[in-house]
Amino acid sequence: MELMKRKESWNIGYDHALGETASYFFAQVRDNAQIYGRLDPKSGRVLVPPRAFSDQTLEPTTDWMKVGPGGRIEAFTIVYEEFKTLPDPPYAFGYVLLDGADTAIGGFFRGIDLKNPAQAAKRLALGTRVITKFAEERKGSVLDFWFELEGDGGKSGSNAEAVVGYE
Amino acid sequence: MKAPRVGIIGIGQSEFKPRRDDANYPELVREGVTLALNDAKLELKDMQAVVYSLAPDALLGIGNAERLGVDAVGARNKRFMRINTGGATGISSVITGWTHIAAGECDVVLVAGADKVGESGDSQTILNKIWDPTYERALPLGTITMLAMSAVRAMHKYGLTEEDMARVTVKNRLNASKNPKAHLRKVVSMEEVLASRYISWPIKLLDACPQSSGGAAMVLASEKYIKDNKLDAVWISGVGHCSESYYMGDRMGNKIMADHADAHALGRSFERSYKMAGITDPAKQVHLAELYAPFSNTEYHSIEATGVCKLGASMALMREGHFDLGGRIPINPSGGTLCTNAIAVSALVRAAEVALQVWGRAGEHQVKGAKIGIASGNGGDHQFFGTMVIES
């Protein structure tokens, strides 16, 4: 017998409030190209991205701390497959422990040739030093900044097309 | 606390497939239910409560689909509860069914669900939406990229290689070829896995689970009901749950409490279920494991979390055939989540497969002489874990 199907889609808009802590963080990224963390006074850890309370001690955080722009790679992946509504591959992203921070923050890695997976993965090895780069026009988003290999020099924005059509 | 004994008296599983266009969602739920009731030789009217196994709604594309499924499980006028702990949903549902009986509230409980992951065609787009819109949603995170990053950390920490990953797929596909319920049943070679295309480095197409459709159900009963009705059963002797905190970036960096390379909270969950079951040396006492591992690399940290070997030691044991069907502790003799992933019921199937093994009813993928087995489920942002010990 004929088996029928029905096409459906969900496209729901939201206007998510970010709260005081994240609003300060994103305003600093947008206005001053500066990343801040929050100090957990009980453990002495600096949480990046900043949280109003600590994941470990469960206490409220108290102070804003400047972190970065240098850091080291803690995790990465390179995506070669296309997924609906996600960026066009290939792209590399992962987590970086910024100088002065105790937890890692996510972001794209740019300025690295991703054609050869093994070679690209070697360049992104854990512990590799990176530097945070900021877009000239910033909107107050985690996509306002990305990471490039330290000492690669002058490549900021070179891979900016990777996020076009995504936001 | 000495937990009362709860038995498994019926098991039902669809033959999992990429799509099931012959059955809509509630019909697929009913399929698993009918198979489990036939296995238990009971009827829907005999069920006193229903625990409904349903992961994130968007995978099905039906909001709160338990509303629609309620008739398929015959829950009118009965206790009814939907469970969702992401990928761990299925085992959390069985544990919730266990709780209904262990608390003395019910004697017979149905646990059931189904999934049609294939109908969305792109589960990673949906799973991107489980990330926090404040800081992380704008990044192309999904479960595959999240667990690729776990692989990268395991490579750095323990020397995990792409060959180690491929070895898991080869083993599990061979096992799945013997399991008529499994979705991916074609045997593959190391060379084929290594030559498959990268999805999210280092995870390749053949390191990744499929998007499966099918239903599964289980009937649980109290020891008294089983004895009074002279039923055949296997026994849930230990259960556990444990949660990790949310941010992946907190599982790396300085002074971490858990490393994203590992499955720390899964280990704590196993400890809880072993304590209840009286297991003190899992490497000696456990005969097999069905572990929720949707990507080949994640089977290693899951094995290590069971306590059958130390952190970083599972790759060498895998190479030696320790975890093969016929090895010392077969892992995923059914082929596991890597070969079949109908997300809402994948972890229920882990428990069901362990039950079939200790019952001696697993067919061609039977582990000889299996009397004690363990099952696990992982869900959320590598975050929610449920575990179980099942004995004959």
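Residues numbered from 1 in each chain as written. Chains lettered and ligands numbered in written order. Predicted model: local features only at pLDDT ≥ 70, side-chain atom pairs only at ≥ 80, totals over all residues.

Novice: Can you tell me about the overall build of chain A, naming the residues and giving the values?
Specialist: On a plain count of helices and strands, chain A comes out with two helices and eight strands. Once the C-alpha set of chain A is aligned to its principal axes, its extents read approximately 65 × 40 × 30 Å. For chain A, the residues scored as buried account for 38% of the 167 residues in total. Looking at chain A alone, contacts between residues at least 24 apart form 52% of all its contacts between residues at least 6 apart. (Helix = DSSP H or I, 4+ residues; strand = E, 2+ residues; numbered from the N terminus. Buried ≥ 20, exposed ≤ 12 C-beta atoms within 10 Å, placed from the backbone. Contact = placed C-beta atoms within 7 Å.)

Novice: Describe the overall build of chain B, listing the residues and the values that go with them.
Specialist: Across its full length, chain B holds 14 helices and eleven strands. For chain B, the C-alpha radius of gyration of 19 Å lies close to 21 Å, the compact-globule estimate for 392 residues. Taken over the C-alpha atoms alone, chain B extends approximately 55 × 45 × 40 Å along its principal axes. Long-range pairs, those at least 24 residues apart, make up 78% of the contacts in chain B with a sequence separation of at least 6. (Rg over C-alpha atoms; globule rule 2.2 N^0.38 Å.)

Novice: Would you mind going over the packing of helix H3 (residues 89-102) of chain B against helix H14 (residues 343-359) of chain B in detail, with residue names and values included?
Specialist: Residues and elements named next belong to chain B. It is at 5 Å that the axes of H3 and H14 come closest, and there the two elements cross at 60°. Classified by the angle between their axes, H3 and H14 sit oblique to one another. The segment H3 lies against H14, with Thr89, Gly90, Ile91, Ser93 and Val94 engaging Ala344, Val345, Ser346, Ala347, Leu348, Val349, Arg350 and Ala351. Its residues assigned to classes, the contact of H3 with H14 shows eight nonpolar, four polar and one charged. (Axes fitted to C-alpha atoms, helices over the stretch in contact; angles between N-to-C directions. Parallel < 35°, antiparallel > 145°, perpendicular 65-115°, else oblique. Nonpolar A, V, L, I, M, F, W, Y, C, P; charged D, E, K, R; others polar.)

Novice: Tell me about H14 of chain B, and please be specific about residues and values.
Specialist: Residues and elements named next belong to chain B. Taking 1.5 Å of rise per residue, 17 residues should cover 24 Å, and H14 covers 25 Å from first to last C-alpha, within 8% of that figure. Taking the largest bend as the criterion, H14 deviates by roughly 25°, centred on Val349. Most of H14 sits inside the fold, with 16 of its 17 residues counted as buried. Remark: Gly360 follows H14 within two positions and exhibits a positive phi of approximately 80°. (Expected span 1.5 Å × (residues − 1). Bend = angle between axes of the 7 residues up to and from the residue.)

Novice: Explain the environment of Glu81 of chain A to me, and be specific about the residues and the numbers.
Specialist: Tracing the sequence through the fold places Glu81 of chain A in the loop between strand E4 (70-79) and strand E5 (91-98). Accessibility expressed as a C-beta count within 10 Å gives 17 for Glu81 of chain A, which makes it partly exposed. Not counting residues up to four positions away in its chain, the partners in contact with Glu81 of chain A are Pro89 of chain A together with Ile199 and Ser200 of chain B.

Novice: Mind laying out the sheet that holds strand E1 (residues 35-39) of chain A, listing which residues take part and the relevant values?
Specialist: All names here are of chain A. Here we have three strands laid out as an open sheet, ordered E2-E1-E3, and antiparallel in their pairing. Looking at the sheet topology across the chains shown, the edges are occupied by strand E2 (46-47) and strand E3 (63-67). Bridge analysis of E1 against E3 gives five bridges, and the strand direction is antiparallel. Looking across to E3, one finds that Gly37 is bridged to Met65. (Pairing = 2+ DSSP bridges.)

Novice: Can you tell me about the interface of chain B and chain A, naming the residues and giving the values?
Specialist: Listed by partner, the interface residues are 38 residues for chain B and 40 residues for chain A. Put simply, the parts of the chain that give the side of chain B that touches chain A at least two residues each are helix H4 (123-128), helix H5 (143-158) and strand E5 (198-200) of chain B. Ranked by the residues each element gives to the side of chain B that touches chain A, the list is headed by H5 of chain B, at six residues. Residues that form the side of chain B that touches chain A fall into these classes: 16 nonpolar, 14 polar and eight charged.

Novice: Could you give an account of unusual backbone geometry, with specific residues and numbers?
Specialist: Residue and element names in this part refer to chain A. Residue Pro69 is bonded to the preceding Gly68 through a cis peptide linkage, with omega at 0°. Summarising the element assignment, Pro69 is placed in the loop between E3 and E4. At the junction of Pro89 and Pro90, the peptide bond is cis and its omega measures out at 0° in the coordinates. Mapped onto the fold, Pro90 is located in the loop between E4 and E5. Its identity is not glycine, yet Leu58 carries a phi of approximately 70°, on the positive side. Examined against the element boundaries, Leu58 turns out to sit in the loop between E2 and E3. Note on Leu58: 10 C-beta atoms within 10 Å, which makes it exposed.

Novice: Please set out the sheet that holds strand E7 (residues 213-222) of chain B residue by residue, giving values where relevant.
Specialist: All names here are of chain B. Ordered in space as E3-E2-E4-E7-E1-E8-E11-E10-E9, the nine strands form an open sheet in which the pairing is mixed. Both edges of this open sheet fall to strand E3 (79-83) and strand E9 (288-290), since each of them pairs with a single strand only. Adjacent strand axes in the sheet meet at a mean angle of 25° when their direction is disregarded. Across three bridges, the pairing between E9 and strand E10 (residues 372-379) is parallel. Within the sheet, the bridge partner assigned to Ala289 lies in E10 and is Ile374. In this fold helix H9 (residues 264-277) packs onto strand E8 (234-243), E10 and strand E11 (384-391), with an angle of close to 145° to the strand it touches most, E8.

Novice: Summarise the environment of Tyr300 of chain B; cite the residues concerned and give the values.
Specialist: Residues and elements named next belong to chain B. Relative to the assigned elements, Tyr300 resides in helix H11 (residues 296-305). With 36 residues separating them along the chain, Tyr300 and Gly336 place their C-alpha atoms 13 Å apart. Every residue in contact with Tyr300, bar those within four places of it in the chain, is listed here: Ala154, Leu160, Ser314 and Met315.

Novice: Talk me through the confidence of the model for chain A; I want residue IDs and the actual numbers.
Specialist: Here chain A averages 91 in pLDDT, while 91% of its residues score no lower than 70. Counting contacts from residues 154-167 of chain A, a segment whose pLDDT is below 50, to residues more than four positions away or on other chains yields 17 contacts. (pLDDT = per-residue confidence, 0-100.)

Novice: Let's hear about the environment of Arg51 of chain A: which residues, and what values?
Specialist: All names here are of chain A. Summarising the element assignment, Arg51 is placed in the loop between E2 and E3. Judged by the 22 C-beta atoms lying within 10 Å of it, Arg51 falls in the buried class. The spacing of Arg51 and Ala22 is 29 residues in sequence and 7.6 Å in space, taken between C-alpha atoms. Arg51 has contacts with Thr21, Arg38 and Thr61, leaving out every residue within four places of it along the chain.

Novice: Describe in detail the confidence of the model for chain B, supporting the description with residues and values.
Specialist: Looking at chain B, pLDDT values average 96 and 99% of them are 70 or higher. Taken over the whole predicted complex, pTM reads 0.95, whereas the ipTM for its chain interfaces reads 0.95.

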